[in-house]
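# Fold and geometry: a report
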Amino acid sequence: MSHVIASVAALGAAVKEFHIRRQDGAPLPDWQPGAHIVLRFAAADGTVFENHYSLVGVAGPADTYRIAVQREAHGKGGSRCLHDEFGAGSTLEVSGPFNSFPLSAAQESARVVLIAGGIGITPLVSMAHALGMPFELHYLARSADRLVLMEELRAIPHAAIVPHLSQEDGRADLAALLGPYRAGGTFYACGPVALLQSLAETGSQLGWPAGAMRFESFGPRAQTEDAPLTVELALSQMTVEVQPGTSILDALIAADVFVSYECKRGECGSCYTPVLQGRPQHRDVCLTPAMRSAGMCTCVSWAGQTGQSSRLVLEL
């Protein structure tokens, strides 16, 4: 179904908010806190993008979807295209909403913590609106001008909002932010992978159980130094060559290897696979140290080089 951008507003120098409606004016599907939509759109040069964006605002029935898009100068080009080429009246395709980052019911006495890294604030806004009970929102950004949607957040009852600005105060003390686990507590975190990995490690050290730590990540997992990778499958007696920019999981799927998966973002562990040989470079946010010592998430992780090549032997 084709949709149209109804309006665009600047949220600081690097973020724009887009309001999206159906072209025929009909109501949009209801959505839940933490949900996202998938936009499919084309640049003037014909390049087609398919990007995921969290929905912002009060969840429920809607005739307009709100998304906030940060322009990434060194990204794959989708955010630059939206910022530079799309405005009110532009059309695009919308799928969803989908929700892989749902808000769970919490007891009134339980501690609920929302943690945003930069533009990772977007799915947490709907959670903040929906909670209806006291909660903490820790908003990590480089500087005050990077804190978007603050006026809306400050108007939400029961919100204890704590900005952490690295230019002024250095890196946030995650151990102090989380504190020891208390029964019934939950934290929801969205941001760059490095932040989420640090939160997962710190939370584990402070006694937070895996089920109490909820993550949604963004940003590329591939690194510029990634080398082509040879993946040998010990049980299937197959070899799959994987090029940088393609995940191991996607290469396995393309080779008709039977594999389990769900999120494809290193958040759920469904694609966890034992590693028999090689040096995995872990880029997930869900595995324990013990799990990492024996296997990897093939959806996001890679392998370190041995000599001139990268090689893994997987128990598949």
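Description of the structure in this document. Keep in mind that this is a model prediction, so the values were computed, not measured.

## What about the side chain of Ser2?
Position of Ser2 relative to the elements: it lies in strand S1 (residues 2–10). Excluding residues within four positions of it along the chain, Ser2 makes contact with Arg22, Gln23, Thr91, Leu92 and Glu93.

## Considering the pairing of strand S2 (residues 15–22)
With 7 bridges connecting them, S1 and S2 associate as antiparallel partners. By the bridge assignment, His3 is partnered in S2 with Arg22. Counting the residues in the hairpin turn of S1 and S2 gives 4 residues, including Gly12, whose phi is positive at 90°. As paired elements, S2 and strand S7 (residues 65–70) share 6 bridges and run antiparallel to each other. Its bridge partner lying in S7, Val15 is registered against Gln70.

## As for the pattern of salt bridges
Under the criterion given, the structure shown has 12 salt bridges. Asp84 is the partner of Arg71 in a salt bridge, and the nearest nitrogen-oxygen pair spans 2.7 Å. Here Arg71, found in the loop between S7 and helix H1 (78–85), pairs with Asp84, found in helix H1; they are 13 residues apart in sequence, far enough to count as distant. A salt bridge links Glu267 to Arg265; the shortest N-O distance between them is 3.1 Å. Of the two residues, Glu267 and Arg265, both sit in the buried class. Connected via shared salt-bridge partners are Glu17, Arg66 and Glu152.

## Details of unusual backbone geometry
Cis geometry is found at the peptide bond from Gly96 to Pro97, where omega equals 10°. The topology assignment puts Pro97 in strand S8 (residues 91–98). Even without being glycine, Leu149 reaches a positive phi, approximately 65°. By the element assignment, Leu149 lies in the loop between strand S10 (135–141) and helix H3 (150–154). A relative accessible area of 10% means that Leu149 is categorised as buried. If you check the backbone angles, Lys264 has positive phi at about 60° while not being a glycine. One can find Lys264 in the loop between helix H7 (248–254) and strand S16 (272–277). Accessibility expressed as a relative area gives 38% for Lys264, which makes it partly exposed.

## Points about the sheet that holds S1
Across the sheet, 6 strands lie side by side as S5-S4-S8-S1-S2-S7; this open sheet has antiparallel pairing. The sheet is open, and its two edges are formed by strand S5 (48–54) and S7, each paired on a single side. When strand polarity is set aside, the average angle formed by the axes of neighbouring strands in this sheet is 40°. For S1 and S8, the ladder comprises 3 bridges, and the chain directions are antiparallel. Of the residues in S8, the one forming a bridge with Ser2 is Glu93.

## Examining helix H6 (residues 193–205)
Taking 1.5 Å per residue, 13 residues should reach 18 Å; H6 reaches 18 Å between its end C-alpha atoms and fits that length. Every buried residue belonging to H6 is among Val193, Leu195, Leu196, Gln197, Leu199, Ala200, Thr202 and Gly203, and all of these are buried. The inward-facing, buried residues of H6 abut strand S9 (112–117), S10, helix H5 (174–178), strand S12 (186–192), strand S13 (213–218) and helix H8 (289–294). Of the residues flanking the end of H6, it is Gly207, one or two places downstream, whose phi is positive at about 90°.

## A closer look at the nonpolar core
One finds Leu114, Ile121, Leu124, Phe135, Tyr139, Val148 and Leu153 to be the most contacted residues of the largest nonpolar core, which totals 29 residues. Elements that contribute at least two residues to this core include exactly S9, helix H2 (122–131), S10, H3 and S12. Here this core takes 5 residues from H2, the largest share from any one element. Leu114 has contacts with Leu124, Met127, Ala128, Leu131, Phe135, Glu136, Leu137, His138 and Tyr188, leaving out every residue within four places of it along the chain. Residues Ala251, Cys271, Cys297 and Val300 belong to the second largest nonpolar core, which totals 23 residues.

## A word on the pairing of strand S15 (residues 238–242)
Side-chain positions along a regular strand alternate between the two faces of the sheet. Summarising the sheet, strand S14 (residues 229–233) and S15 pair through 5 bridges and their orientation is antiparallel. Bridged to Val231 within S15 is Val240. Here S14 folds back onto S15 in antiparallel fashion, the turn holding 4 residues, of which Gln237 has a positive phi close to 55°.

Calculation criteria
- Residues numbered from 1 in each chain as written.
- Predicted model: local features only at pLDDT ≥ 70, side-chain atom pairs only at ≥ 80, totals over all residues.
- Heavy atoms only, no water.
- Helix = DSSP H or I, 4+ residues; strand = E, 2+ residues; numbered from the N terminus.
- Contact = heavy atoms within 4.5 Å.
- Pairing = 2+ DSSP bridges.
- Salt bridge = Lys/Arg side-chain N within 4 Å of Asp/Glu carboxyl O.
- Buried < 20%, exposed > 50% of the residue type's maximum accessible area, 1.4 Å probe, protein only.
- Axes fitted to C-alpha atoms, helices over the stretch in contact; angles between N-to-C directions.
- Expected span 1.5 Å × (residues − 1).
- Core = buried A, V, L, I, M, F, W, Y, C linked by side-chain atoms within 4.5 Å.

Structural measurements only, silent on function.
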